[in-house]
Amino acid sequence: MSEDIFNSEFLLVGTNKVLRNRSVLAALTNKQSNDDGSLTEEEIKWLERRAHDGFAIITTAAAFVHPSGKSWSGELGVHSDEMLPGLIDLAGRINSHGAISLVQIFHGGMRAPTEITGKTPISSSRNRTKQSSTNFSRAMLEPEIKEAVQWYVDAAIRCHKAGFDGVEVHGAHGYLITQFLGKKTNNRSDEWGGTLRNRSRFLIEIVRGIRRATPRDFVVAVRISPEYPSCGVTIDESIEVSKILVKEGIDILHLSCWDINNKIQYKNEQLPITSIFSKQLGEKITLITTGSIWDGSDVNEAFNQGADLIGVGRAGIAHPDWPRRVFTADNRRPPFTKLHLSKADLSPKFIDYMQLWEGFVDG
Ligand SMILES: Cc1cc2nc3c(=O)[nH]c(=O)nc-3n(C[C@H](O)[C@H](O)[C@H](O)COP(=O)(O)O)c2cc1C
């Protein structure tokens, strides 16, 4: 039953774009971009392969919208028109295989090390940060916040120009947008801090700006971490923010769960995060859920929890044709040999990076 749903087409209401099945390759940093942020053939190849082999949506790695947000070496950039030739090539090659292409637009905020950017990291507030030798971020001035909103909007316009179907705004994992959303990392007293409405203003202005600047068929997705304790992001507030985002007309809400089976306490019940969101938001929004999904029973569970689309990270790294093999027995889990990963179009650089993910690479 869930196999039939998984393999059925899905209309992204509002954009009129039709997905060929319910699979999503989630954003996966792979460290393969050039020093200036431009794409390499290796990075294009690994994504193109997954478009060719059956994923419905292909999301790029997190891509910095401004040099001050670049957070690691080999990170993709969408900060300048100089990136356009590679982006045009990538969008064209993904789309030629019938997949929908999204760029994940990103700024690291206090997690963008001075060692990479040459600047003191910026954030909603002055926060302690382990990622930078400056040890602290500095609070952005109000005009800088407005400028930063425009960085995301300009990046989205650039992605549209390049031929991408849409963007995913990276509001998850403790980066700049999460730093604005969370009570612990945002202690501003102007209109960008304080109440939840004010703390979510940065994200909402980004979404509004992108909507205004791009045609209606351009997909606007937002990825969040429903809970992010170190920034002070809580499930109740994330639901409220999501309701606002739905009203603002986003097309997709992507929940980064790490493990969809984890249950959390919510109004006297222990529930999986995706179930809570789907109950609270109802049919109003297309929900992607991602986290430790490998096989048919995981897909079934995600649908039961109310997900519309199924996101994978590691399964998609290991198996370019994961959407075609998910319901078969030939769907191995880690560890994977370097040879296996190389045949899956991971370059030596990407394989090296995957060795940092415990238990993924054999030997
Ligand atoms: C190598 C690697 C790189 C990742 N890079 C990103 C990224 O750039 N942006 C992002 O939002 N999440 C990133 N993630 C998180 C994944 O998108 C995904 O949510 C996570 O891996 C859990 O899904 P999985 O269990 O299917 O792997 C990354 C994960 C991995 C393993």
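Note that the coordinates shown come from a computational prediction; the quantities given were computed from them, not determined experimentally.

Peer 1: Any details on the overall build of the protein? Residues and values, ideally.
Peer 2: Regarding its fold elements, the protein presents 15 helices and 15 strands. Taken against the 2.2 N^0.38 rule, which gives 21 Å for 363 residues, the C-alpha radius of gyration of the protein at 19 Å falls within 12% of a compact globule. Each principal axis of the C-alpha atoms in the protein carries an extent, and together these give about 55 × 50 × 40 Å. Across the protein, every contact between residues at least 6 apart in sequence was considered, and the portion connecting residues at least 24 apart equals 69%.

Peer 1: Give a detailed account of the environment of Val149, specifying residues and quantitative values.
Peer 2: Summarising the element assignment, Val149 is placed in helix α5 (residues 142-162). Sequence spacing of Val149 and Asp217 is 68 residues, and the spatial spacing of their C-alpha atoms is 21 Å. If near-sequence neighbours (up to four positions away) are discounted, Val149 is found in contact with Phe202, Glu205, Ile206 and Gly209.

Peer 1: Report on the site of the ligand, specifying residues and quantitative values.
Peer 2: In the vicinity of the ligand there are 22 residues, among which Ala26, Ala27, Ala62, Gly313 and Arg314 approach most closely. At the level of secondary structure, the elements contributing two or more residues to the shell around the ligand comprise β4 (57-64) and α12 (314-318). Here the shell around the ligand is composed, by residue class, of 11 nonpolar, nine polar and two charged.

Peer 1: Break down the environment of Glu42 for me, with residues and values.
Peer 2: Looking at the secondary structure, you find Glu42 in helix α2 (residues 41-52). Here the alpha-carbon distance between Glu42 and Ala162, two residues 120 residues apart in the chain, equals 19 Å. Look past the residues within four positions of Glu42 in its chain and what remains in contact with it is Gln32 and Ser347.

Peer 1: Go over unusual backbone geometry, please, and point to the residues and values.
Peer 2: Going from Pro334 to Pro335, the amide bond is cis rather than trans, its omega being 0°. Among the structural elements, Pro335 can be located in the loop between α13 (322-325) and α14 (338-343). Although it is not a glycine, Asn135 adopts a positive phi angle of roughly 70°. Note that Asn135 resides in the loop between β7 (122-123) and β8 (138-139). Among the residues examined, Asn135 registers 13 C-beta atoms within 10 Å and is labelled partly exposed. Backbone geometry at Lys267 places phi at a positive 45°, although glycine is not the residue there. Mapped onto the elements, Lys267 comes out in the loop between β12 (263-266) and β13 (269-272).

Peer 1: Residues and numbers for helix α3 (residues 84-95), please.
Peer 2: Between its terminal C-alpha atoms α3 stretches 16 Å, which fits the 16 Å expected from 12 residues at 1.5 Å a residue. All of the buried residues in α3 are Gly86, Leu87, Leu90, Ala91, Arg93 and Ile94.

Peer 1: Tell me about the pairing of strand β15 (residues 309-312), residues and numbers included.
Peer 2: What you see with β15 is no split at all: Leu309 and Gly311 on one side and Ile310 and Val312 on the other are buried throughout. Here strand β3 (residues 23-25) pairs with β15 via three bridges, running parallel. Each bridged residue has a counterpart across the sheet, and for Leu25 the counterpart in β15 is Val312. Pairing of strand β14 (residues 286-290) with β15, which is carried by three bridges, proceeds in the parallel orientation. Directly across from Ile288, in β15, lies its bridge partner Leu309.

The rules behind the values
Residues numbered from 1 in each chain as written. Predicted model: local features only at pLDDT ≥ 70, side-chain atom pairs only at ≥ 80, totals over all residues. Helix = DSSP H or I, 4+ residues; strand = E, 2+ residues; numbered from the N terminus. Rg over C-alpha atoms; globule rule 2.2 N^0.38 Å. Contact = placed C-beta atoms within 7 Å. Near = placed C-beta within 6 Å. Nonpolar A, V, L, I, M, F, W, Y, C, P; charged D, E, K, R; others polar. Buried ≥ 20, exposed ≤ 12 C-beta atoms within 10 Å, placed from the backbone. Expected span 1.5 Å × (residues − 1). Pairing = 2+ DSSP bridges.

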